[in-house]
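Topology and contacts: notes
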Amino acid sequence: MPSQVKTPRFRKIQSFQLDYAPTTITQYESERTGMRVIVADREGPKINGYFALPTEILDDSGAPHTLEHLIFMGSKSYQYKGLLDKLAGRAYSGTNAWTAVDHTAYTLETAGWDGFAQILPVYLEHVMVPTLTDDACITEVHHIDGEGNDAGVVYSEMQGIQYGSSELMDLRARRLLYPEGVGFRYETGGMLESLRVLTNERIREFHKAMYRPQNLAVIIVGDADHDDLLRILDEFEESIKDDVPGLDAKFKRPFIESTQPPALKQTYLETVEFPEEDESTGEILVAFFGPSCVDNVQATAISIIMTYLCGSSVSVIENVMVEKEELASSVSWWWDSRPNSVIWFQPTGVATEKLAFVEQRLISLLKEVASKPLDMSYMKECIQRERRQNKFYAEGNEQYYSQNMITDYLFGNRNGSTLQDIQSMSEYDILDGWTDENWRGFLRKWISDAHHVSILGKPSQSAAAKLKETEETRLAKRKEELGKEGLAKLAERLETAKKNNEKPIPPEVLDQWPVPKTDSIHFIESSTARSGKARSLGIPNTSAQKTIDAAPQGLPLFIQYEDVPTNFVHLTILAGTKEVPTKLKPLLPLFAENFFNSPVLHNGTRVEFEDVVKQLEKDTISYGIVNGGRLGDGESLAIQFQVEKEKYETMIDWLRTLMFDLIFDPVRIKAAVTKALADIPEAKRDGRDMALEVDTAIHFVPEAYSVARRTLVKAVYFKRLKTLLESDPDTVLSWFQDLARNIFTFQNFRVLVTADVEKLSNPVAAWDRLASAHGLDPTKDLLPITKPSAILSAEGRAPGSFGSVIIPMATLESSFSVSTATGLSSYADPRLPAYLVALGYLEAVEGPLWTAVRGNGLAYGVGFSREVNGGAFQFRVFRSPDASKAIEAARAKVARIASGEEPLDRHLVEGAMSGIVLGVADDQATMAAAAQQNFITGVVRGLEPDWNRQLITRVRNVTGDEIRKVMTEVILPVFEAGKSNVVVTCAPIMEEGMVKALSAMGYKTQVQPLSHFHEDYGLKGPEGEEEEEEEEDEGDYSDEGSEGSEGSSSDESMDG
Ligand SMILES: [Zn+2]
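Note that residues are indexed from 1 along each chain, following the sequence as it is written. Confidence filtering applies because this is a predicted model: local features only for residues at pLDDT of at least 70, side-chain atom pairs given and counted only at 80 or more, and all residues used for totals across whole chains, interfaces and linings. Hydrogen atoms and water are omitted, and side-chain values are computed over all heavy atoms in the structure.

Taking an unreviewed UniProt entry as the reference, the protein is identified by name as Metalloenzyme, LuxS/M16 peptidase-like protein belonging to Cercophora newfieldiana.

1. Comments concerning the overall build of the protein
Think of it this way: any DSSP run of H or I at least four residues long counts as a helix, any run of E at least two long counts as a strand, and we number them from the N terminus. When helices and strands are tallied, the protein shows 37 helices and 30 strands. For the radius of gyration, the atom set is restricted to C-alpha positions; the globular benchmark scales as 2.2 Å times the number of residues to the power 0.38. A compact globule built from 1056 residues would reach a C-alpha radius of gyration of about 31 Å, and the protein, at 29 Å, matches this within 12%. In terms of its C-alpha atoms, the protein occupies a principal-axis envelope of roughly 80 × 70 × 65 Å. Any residue under 20% of the maximum accessible area for its type is buried, any over 50% is exposed, and the rest in between are partly exposed; the area is computed with a 1.4 Å probe on protein chains only. In the protein, which comprises 1056 residues, the share counted as buried stands at 61%.

2. Some thoughts on the side chain of H103
For H103, the location among the structural elements is in strand β6 (residues 103-111). For H103, a relative accessible area of 9% translates into the label buried. In protein, a polar contact requires one atom able to donate a hydrogen and another able to accept it; more generally it is a pair of N or O atoms within 3.5 Å, and residues adjacent in sequence count only if both atoms are side-chain atoms. A polar contact is formed between the side chain of H103 and the side chain of D102, at a distance of 2.8 Å. Setting aside chain neighbours within four positions, we find H103 in contact with L53, P54, T55, W98, I406 and L410. Throughout, a contact is declared for two residues whenever any of their heavy atoms are within 4.5 Å.

3. A few points about a negative patch on the surface
The patch calculation keeps residues exceeding 30% relative accessible area without a salt bridge and links them within 9 Å when they carry like charges or within 5 Å when they are nonpolar (Val, Leu, Ile, Met, Phe, Trp, Tyr). Using the Shrake-Rupley algorithm and a 1.4 Å probe, accessible areas are obtained, with residue cover drawn only from the displayed protein chains. Salt bridges are defined by distance alone: a side-chain nitrogen of Lys or Arg within 4 Å of a carboxyl oxygen of Asp or Glu. In this tally, Lys and Arg are treated as positive and Asp and Glu as negative; His is ignored, and so are the chain termini. Charge positions are represented by NZ for Lys, CZ for Arg, CG for Asp and CD for Glu. A grouping of D114, D225, D227 and D519 is seen on the molecular surface, where their side chains present a negatively charged patch. Locating D519 in the fold gives a position in the loop between α18 (507-511) and β16 (527-531). The exposure class assigned to D519 is exposed, which follows from its relative accessible area of 59%.

4. Observations concerning the pattern of salt bridges
Within the structure shown, the criterion is met by 72 salt bridges. The salt bridge involving E109 is made with K46; its shortest N-O contact spans 2.7 Å. Taken together, the positions of E109 in strand β6 and K46 in strand β4 (residues 46-54) put the pair 63 residues apart, joining distant regions of the chain. Using a relative accessible area of 27% as the deciding quantity, one classes E109 as partly exposed. Here K46 falls in the buried class, since its relative accessible area comes to 10%. Several salt bridges share partner residues, and in doing so they unite R9, R32, D234, E237, E238 and K241 into one network.

5. Concerning the UniProt feature "domain: Peptidase M16 N-terminal" (unreviewed entry) in the protein
When the UniProt feature table is mapped onto this chain numbering, "domain: Peptidase M16 N-terminal" (unreviewed entry) sits at residues 60-144. The straight-line gap between the two end C-alpha atoms of residues 60-144 is 20 Å; of that span, 46% is helix and 21% is strand. UniProt positions are given in the numbering used here, feature names are shortened, and annotations may be inferred rather than shown by experiment.

6. Some thoughts on the sheet that holds strand β28 (residues 981-986)
The mixed open sheet is built from 6 strands, whose spatial order is β26-β27-β25-β28-β24-β29. Lying at the two open borders of the sheet, with one neighbouring strand each, are β26 (861-864) and β29 (1005-1007). With direction set aside, neighbouring strand axes in the sheet form an average angle of 10°. For two strands to pair, DSSP has to find at least two bridges joining them. Across 5 bridges, strand β24 (residues 804-808) lies against β28 in parallel orientation. For S804, the partnering residue across the bridge sits in β28 and is V982. Along the sheet, helix α24 (residues 687-699) contacts β24, β25 (815-822), β27 (872-880) and β28; its crossing angle with β28, the most-contacted strand, is approximately 150°. Working convention: axes come from line fits to C-alpha atoms, limited for helices to the stretch in contact. Angles between N-to-C directions cover 0 to 180 degrees.

7. Quick word on the UniProt feature "domain: Peptidase M16 C-terminal" (unreviewed entry) in the protein
UniProt marks residues 198-383 with the feature "domain: Peptidase M16 C-terminal" (unreviewed entry), using the numbering shown here. Regarding residues 198-383, the helix share stands at 40% and the strand share at 21%, and the terminal C-alpha atoms are separated by 48 Å.

8. With respect to the sheet that holds strand β17 (residues 559-563)
An order of β16-β17-β23-β18-β22-β21 is seen for the 6 strands of this open sheet, with the pairing classed as mixed. The open sheet has two edge strands with one neighbour each: β16 and β21 (622-627). Between one strand axis and the next, the sheet turns through 15° on average, direction left out of account. By the bridge criterion, 9 bridges tie strand β18 (residues 568-576) to strand β22 (residues 636-644) in an arrangement that is antiparallel. When the bridges of β22 are listed, T572 appears paired with Q640. In this fold helix α13 (residues 376-396) packs onto β18, β21 and β22, with an angle of close to 85° to the strand it touches most, β18. Across the face of the sheet, helix α19 (residues 543-550) comes into contact with β16 and β17 while running at roughly 25° to β16.

9. Overview of helix α6 (residues 165-177)
The end-to-end C-alpha distance of α6, which contains 13 residues, comes to 18 Å, matching closely the 18 Å that a straight helix rising 1.5 Å per residue would cover. Every buried residue of α6 is listed here: S165, E167, M169, L171, A173, R174, R175, L176 and L177. Residues of α6 that are buried make contact with β10 (268-275), β11 (281-289), β13 (342-348) and β15 (453-460). Working rule for helices: expected span equals 1.5 Å times residues minus one.

Structure, rendered in structure tokens:
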């Protein structure tokens, strides 16, 4: 399009800077179409775009969600499926989208403005003027395949969700909260029975009604070039002016100008059964209507009163129901921000026979709280803490802006007044002035005295059986009705649709867009300094190092500093678990759970855990203890604090107290065990996680922490531990003491301090408060970090002899699989750049595997693991009507590419290379992330400081031959019997077919119940106690180490 020398026709509504973060917010409106543009300018390598449309529908047809999928299938000027994603991939971008009950949002995240600017108009055209062909509707939404089964991308997605406890309960609650005719009542994702009859006409009609410029907000968070942005949008509007209704067309603002929900006239209490084999625990959902989200003070008050009630183990609801009475494993809460907001309480892990009692207990407890004076000093702490957290969130998280901006666009005032509330945090000052009576009045009005909707979620074996039976009957009847001929016709129609959808994109079309330069990607620089034993890794030549060297020195604790201009201090202590005796390793999750939740000894007196938590909350922004996997070391614990810089030394005092003066208390340990046990049934319902856990059991040694912390270990070990706690608490306590002694040693600590180093008053010697603790020996040499490849079992080192195992699970409607073969084991492997490009190539959105698997309805997603030095390599199938078919389709595709039979697509190769650049930018998207990345690179992985930048260069030079070679050597074996093992979790109905299919591929097969993979680490139950359903065996047990779900698409509501 020729550039126009016109002033863009956008009106600036307002522009203001936030009081508490270096961010400017600007709002524009198109004078021609009414389209809104809202930009939050902030520094960093990433630009995040959100194209949001309020979408309101009064049925369960699923038109909003199916439309969201179809948008990506082509647009007026770009009538090729996959063009958008191919372009985006090359321009350091990723696309995604979600459908909520009240809006649809499309995301574009890019490293650097140039790439963003290139994709923006192409993407917007897809959103506003999509092709919406019947062929696309057949493959993406729903079809009946040649065997008479229902399939289609959206259909399979909803199939995996519709009968889950959370979906069933949420939907029932909304049916009770909202009458017919109110949009919030409906399942915008689409109910299966509706999706089966949904027509493309209905979807097109919905697009026409909702997707108009005056119902579109273009929201951008990042380093945006405003002039360029408005110019692009002006040209875009020009290009679609004949395709969209003008500003004068009649349009009702969704939800705002619609029927408003009436107040609840009564309280509802209903039971919803959900299909589940394990009937021991269920959950509860309680909903109240709350104030309008547009009222900033009231909205913030909700968040504070809920934090007061159930924000942590010391808040009253959690403290009584979870910690003291052990009625639930947690009571979480959330809030739907709407004009009539909804406040949700969710007690989980509730014993099934106590569901009704626990619901009553919650309501009576709420009334009790409202009937007595509140703990106003704690209330004020909650206000201050939330203010600190918001400021912190605003510095480190782009979603702080996008969430606020989307909500404001949906429900706020169009004159900009409600968005302006974000400028300051004055609402906290107002709330700080609220009295006890104000708060209790608020609590009574919206919660304790208010009508509500309560849903008891009850697990049911018979519901599972009934569901299966109904589905089988329905399908059998249909197949009979269709007959051979009917089925053949459907198969043919599907093939035609696929063929039409897969029309290849001529290379010259893509060549119109050059790969953008990387100059506009502004990486965040974090400079490193080191003290104590960390100096042995090299002493950086940085000003931060000079500051550290000039400061008073202390004991030689291993500390790496990362200097960034943050207002906060982020601290991580990485502590290895290697020295912990194997039989105690399953205790580590409990140890972590209680680390911040136990009494301590302070100057010789016992301080109860509630006071510990209250004081911790006062001194910090947040704190936690997690698996070290996110720092590249899955075999360690990472203790983390985020504090204001004034609290630097206080935090070190805390570390010393928690590490050395913590009292292991049988009551606290029992509470933690009970909670953990209550969560197990739910964890065991997850087909993906269970497949990964079993895969881990096969390929890693039981000594590994990542193996010992699995649900399938907890399931037996914790049960027996609970019994032992009753009969012999001293033994259990001695185990915990032993564990602490083995972890908290001088030689086992690596510290990362991320801060504005200049502003720390005593950065080095302050650590002597910890390092001088009794029993620490500063002369000891540091223990090495465990290499991921060191925890492989014999089978993990040479996969293939195990074969395959099929695990039927009653909770599943579909199947999941994990295949494991040998992978790279070192960052020094010269094949690494080609390996990363090959994986990016195969996994590209609309790329080879996407079209071969997802495009054919064989799975919602497939993907590979990304570990580079673990020595194992995984292929995962996520939510598939038949995982064996997905595996076979993926294998065939990879084989064709590896052999050269199918040539490499140049644009996709460029996309894979750009994807690695985007990955590097992602890892360094914020100051804290950039700092952490330096620590991972230098300390955990022992690589050169500029390793990532070097990688980008090396990746650009990868050749086609290198890609094919690595596919043949590393990737293909994961599909080969004898060189790989396969774990499948699936619906029981699929068992027989799966066994046949895997045998046909050459795998040894066995069918096992999930309980076959339980492991007790030698902790036996008391004699005479026969534990149900547990067969012991002596396999190797392990876990994948990283927390990631990086393999497959995993988020239920996110897809693209
Ligand atoms: Zn979807």
